[in-house]
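What follows is each chain in one-letter form.
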Amino acid sequence: MMDNLRTAANGPVLKIVLALIILTFVVTGLTGYLSSESGSYAAKVNDQTISRAQLEQAFQQEKNALQEKLGDGFSTLLSDEQAVQRIRRQSLDRLINATLIEQYAHKLGLSASDKQVAQEIRNLSFLQTDEKFDNNKYQDYLNWLARSNMSPDGFAEQIRQELINRQLKQVLIGAEIALPSEIKQEVALFSQERTVRFATLELKSIEAQQKVTDEELKNYYGANSKNFAVPEKVKISYIKMDAADELKNVTVSDADIEQYYKSNLSKYTKSEQKKYSFIQLASDSAAKSILDELKKGTDFSQLASEKSTDKFSAQKGGDLGWMEESSLPNEIKSANLTQKGQLSDVIKLSNGYAVFRLDDIKPQVIKSLADVRAEIEKITKQEKAIDAFYALQRKVSDAAANDNESLAAAEKAAGYQAVTTDWFDRDHIPADINFNQVVQAIFSGNLTDDKGATGTNSDVISVEGDRAFIVRVGDVRPETVQPFEQAKTEVAELVKRQKAEKQLQVESAKLLAALKEGKGEQALTAAGIQFAQPMVIKRMSQANQATDVAFTLPHPKDGKAEYGLAQDGLGNAVFIQLDKVVPGSITDEQSKQYIAGYQYQTGNIMLESLIINLRDDADIKLGQIE
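Residues numbered from 1 in each chain as written. Predicted model: local features only at pLDDT ≥ 70, side-chain atom pairs only at ≥ 80, totals over all residues. Heavy atoms only, no water.

## Thoughts on the overall build of the protein
This is how it is decided: Secondary structure elements follow DSSP: runs of H or I of four or more residues count as helices, runs of E of two or more count as strands, with numbering from the N terminus. Exposure is judged per residue with a 1.4 Å probe applied to protein chains only, and the accessible area is read against the type maximum: over 50% gives exposed, under 20% gives buried, and values in between give partly exposed. In what follows, residue pairs with any heavy atoms lying within 4.5 Å of each other are defined as contacts. Areas reported as accessible are Shrake-Rupley estimates using a 1.4 Å probe. Residue values count occlusion only from the protein chains shown.
Looking only at helices and strands, one finds 24 helices and 25 strands in the protein. Scored against the burial criterion, the 626 residues of the protein give a buried share of 41%. For the protein, the share of sequence-separated contacts (at least 6 apart) that also reach a separation of at least 24 residues comes to 76%. Of the accessible surface of the protein, which amounts to about 34700 Å², a share of 49% is contributed by carbon and sulfur atoms.

## Focus on the packing of helix 3 (residues 52-70) against helix 5 (residues 81-108)
Test applied: To get an axis, a line is fitted to the C-alpha atoms, and for a helix only the part in contact is used. The angle between two axes follows their N-to-C directions and goes from 0 to 180 degrees. Each angle receives one of four descriptions, namely roughly parallel if under 35 degrees, roughly antiparallel if over 145, roughly perpendicular if within 65 to 115, and oblique otherwise. Definitions for this section: a left-handed crossing has its near helix turned counterclockwise from the far helix by less than a right angle. A right-handed crossing has that turn clockwise.
Two elements in contact, helix 3 and helix 5, have axes separated by 9 Å at closest approach and are oriented at 120°. It follows that helix 3 is oblique to helix 5 by the angle criterion. Considering the relative orientation of helix 3 and helix 5, their crossing is right-handed. Contacts between helix 3 and helix 5 involve Q54, L55, E56, A58, F59, E62 and L66 on the former and, on the latter, V84, I87, R88, S91, L92, R94 and L95.

## Comments concerning helix 21 (residues 484-516)
Rules: A helix is expected to span 1.5 Å for every residue after the first.
Here helix 21 is 33 residues long and its end C-alpha atoms lie 46 Å apart, about the 48 Å a rise of 1.5 Å per residue gives. Along helix 21, the residues that are buried comprise F484, A487, V491, A492, V495, A500, L504, S508, L511, L512, A514 and L515. Those residues of helix 21 hidden inside the fold are in contact with strand 6 (193-201), helix 10 (203-207), helix 11 (214-223), helix 22 (520-527), strand 23 (562-567) and strand 24 (573-582). Directly after helix 21, the chain includes G518, whose backbone phi takes a positive value near 80°.

## Section: the nonpolar core
Applied cut-off: By nonpolar core we mean a set of buried residues, namely Ala, Val, Leu, Ile, Met, Phe, Trp, Tyr and Cys, connected to one another through side-chain atoms within 4.5 Å.
One finds I96, F155 and L168 to be the most contacted residues of the largest nonpolar core, which totals 35 residues. Only strand 2 (41-45), helix 5, helix 6 (114-122), helix 7 (135-147), helix 8 (152-172), helix 24 (588-617) and strand 25 (619-622) provide two or more residues apiece to this core. The element contributing the most residues to this core is helix 5, with seven residues. I429, F435, V471 and V476 belong to the second largest nonpolar core, which has 19 residues in total.

## Considering helix 5
Spanning 28 residues, helix 5 covers 40 Å between terminal C-alpha atoms, matching the ideal 40 Å at 1.5 Å per step. G109, located one to two residues past helix 5, shows a positive phi value of around 85°.

## Description of the sheet that holds strand 22 (residues 535-538)
Going by this rule: For two strands to be treated as a pair, DSSP must find at least two bridges joining them.
Ordered in space as 22-6-24-23, the four strands form an open sheet in which the pairing is antiparallel. Across the chains shown, the open sheet's two edge strands, defined by having one partner strand only, are strand 22 and strand 23. Put simply, the sheet's adjacent strands are angled 40° from each other on average, direction ignored. Relative to strand 24, strand 6 is paired through nine bridges, and the arrangement is antiparallel. The partner of T200 across the bridge, within strand 24, is V574.

## Examining the environment of D310
Definition in use: Pairing of N or O atoms within 3.5 Å defines a polar contact, subject to two protein rules: one partner must be a possible hydrogen donor and the other a possible acceptor, and residues neighboring in sequence count only if both atoms are side-chain atoms.
Among the structural elements, D310 can be located in the loop between helix 15 (300-307) and helix 16 (311-314). Residues D310 and A354, 44 residues apart in the sequence, show an inter-C-alpha distance of 9.9 Å. There is a polar contact of 2.8 Å between the side chain of D310 and the side chain of S313.

## A few points about the packing of helix 3 against helix 18 (residues 369-402)
We count it as follows: Amino acids are sorted into nonpolar (Ala, Val, Leu, Ile, Met, Phe, Trp, Tyr, Cys and Pro), charged (Asp, Glu, Lys and Arg) and polar (every other residue, Gly among them).
Contact geometry of helix 3 with helix 18 gives a least axis separation of 9 Å together with a crossing angle of 100°. In terms of orientation, helix 3 and helix 18 fall into the roughly perpendicular class. Judged by residue contacts, R52, A53 and E56 of helix 3 engage I379, Q382, E383, I386, D387 and Y390 from helix 18. In terms of residue class, the contact of helix 3 with helix 18 is built from four nonpolar, one polar and four charged.

## A short note on the sheet that holds strand 12 (residues 347-349)
Taken together, four strands build an open sheet; the order of strands is 11-10-13-12 and the sheet is antiparallel. With one partner strand each, in any of the chains shown, strand 11 (319-324) and strand 12 form the two edges of the open sheet. The mean angle between the axes of side-by-side strands here comes to 40°, regardless of whether they run parallel or antiparallel. Sheet topology places strand 10 (residues 273-281) next to strand 13 (residues 352-362); nine bridges connect them, and they run antiparallel. Across the sheet, I279 pairs through a bridge with V355, a residue of strand 13.

## Structural notes on the confidence of the model for the protein
As a reminder, the rule being used: The pLDDT value expresses, per residue, how confident the predictor is, ranging between 0 and 100.
Averaged over every residue, the pLDDT of the protein is 83; residues scoring 70 or more account for 86%. Counted against residues more than four places away or in other chains, residues 1-39, with its pLDDT under 50, gives 85 contacts.

## Focus on unusual backbone geometry
Its identity is not glycine, yet D47 carries a phi of approximately 75°, on the positive side. Overall, the relative accessible area of 66% leaves D47 in the exposed class. Non-glycine residue D558 carries a positive phi angle of around 55°. Along the polypeptide, D558 turns up in the loop between helix 23 (545-550) and strand 23. By relative accessible area, D558 is classed as exposed at 83%.

## Remarks on the pairing of strand 6
Note on strand geometry: in a regular strand, side chains alternate between the two faces of the sheet. Sheet topology note: the strand 6/strand 22 ladder contains four bridges and is antiparallel. Pairing of V196 across the sheet is with M535, part of strand 22.

## Side note on the environment of G341
Relative to the assigned elements, G341 resides in the loop between helix 17 (330-335) and strand 12. For G341, a relative accessible area of 43% translates into the label partly exposed. Residues G341 and I361, spaced 20 residues apart in sequence, show a C-alpha to C-alpha distance of 9.8 Å. Once residues within four sequence positions are removed from consideration, G341 is found in contact with R357, L358 and D359.

## Focus on the pattern of salt bridges
Definition in use: For this document, the term salt bridge refers to a Lys or Arg side-chain nitrogen within 4 Å of an Asp or Glu carboxyl oxygen.
The final tally for this structure, using the stated rule, is 18 salt bridges. Close ionic contact of K275 with D319 constitutes a salt bridge, the shortest N to O distance being 3.2 Å. Highlighted residues: K275 in strand 10 and D319 in strand 11, separated in sequence by 44 residues. Bridged by salt links that share partners, the residues K275, D319, R357 and D359 form one connected network.

## So, the environment of G318
Looking at where G318 falls in the secondary structure, it is placed in the loop between helix 16 and strand 11. Classification of G318 as buried rests on a relative accessible area of 0%. Along the chain, G318 and F356 lie 38 residues apart, while their C-alpha atoms are 9.0 Å from each other. Setting aside residues up to four positions removed in sequence, G318 forms contacts with Y276, S277, F278, A304 and S313.

So this is what it looks like as structure tokens:
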């Protein structure tokens, strides 16, 4: 495998690919910067625009995926404004990263043909029945994508990007080859088996034995009275604005669609592509001899397979694949091939000589407006809805500011009534307004002061980009401290637990010492516990502190067990008896699987590093993302 990689690296195309990648890692952070400027776009990446509609689509797709994954827990996540903001930011980051990779792959000449994309889709396991492509499943999946505002073309482009990413990974991990001996040694360590017994001394059993006096309780309450506060509570009124409501009222004209199509024609244009093959030779004379044979009609693929010194392309009959004019290496450009089947003269390379052939030409293809009309209609409708949503916010904000005595004017501007809540505190926010920015405005803004409600309306509070609020605090109950008698039961529980934890710590240390001295049987009996039956654990399956500690213990010697102490999630003391250690083993097949996994993980890491460097070098401008 290493020989193949070294040979492949001698080819002109791969040498250029590798050189560009190395250059990216070396020249990091010299010209890139991240700036933010307001605009009608979500971001610009090296002057390539990511529209707000694209961000909304990516955001909705992410939310739909999370909803399917989390089920009922999704509503809880959606009520956490910070979590939703993170999802939106992550959606934008993924769009930026995908754009950077697309630009970089274009620069390197990496691409995936329509045929490869189609085959990759056919190979997706969730679109198959009995290991064969199922068109019904495919149509069902397209319908699901449509609900997430993704077109079939958009799905195909995602697959194309995944194929290109895979090509990048294959180049990036070429030099990261792990030796089989190293793999066996590492996996043997991770698959080591240890025979252990566990015994648990429960905190609650010690806590039940604790006695407390009124003096102890009063002393604890006095030192920690602030922990028994009844928090500040408020009643509020609020107006909620939702971008989804604007989407229902937006209409898109033919002129809007045509204008968007003309302004974004490059998005629907596939550049001309040319397919090349080449034969690489060590000398000028050898290259001229091959060129003579080709002109006499000798089969190009056969000569490439037999004679080319670039073994990587020779395996494919010299095939270099499809390329666009903008991504051609200089060697191919200098060949100046314009007609299908045309041969170049002998071209001087940095590591030899070559003859190139233009195998085929795919003309530029521009999707018609009719083909993309439905997609553009969705995009323009979303953008208009977002514009209308921002216009509504400005209108309601002006009304709330001009009439600060109530929300009446803001209600009229919004077109619906404000909602009034019951009493609530910071820890029990009503679900509809449970967003960090709203909570901050209510409890930490200028809507309240030390005298209570200030009687003013808030500014517009935007959350997660598609909802906004105007808030007014109606009444305030200030924070108070529970009297001792009211808090006494809770104080007693806390004091008992505190005393139990100290006692458990002392008793655990004594019992561990007794176990190590060989006097553990009597000590265990006195504590009312015993070791459970032996169990075999592996390092790869460890999932708690006790098994973690078990793998830090030294190997037992002369049949004498080793002992350790850990704590579980309930605060209980867990004693560990290590009886036996069996070294792990690995088969050749498992070794191959691990190497494949290692290379996959390495490829992901290197691709992430590449993205970081591309972001450092990129000109990224953030627009309106919320």
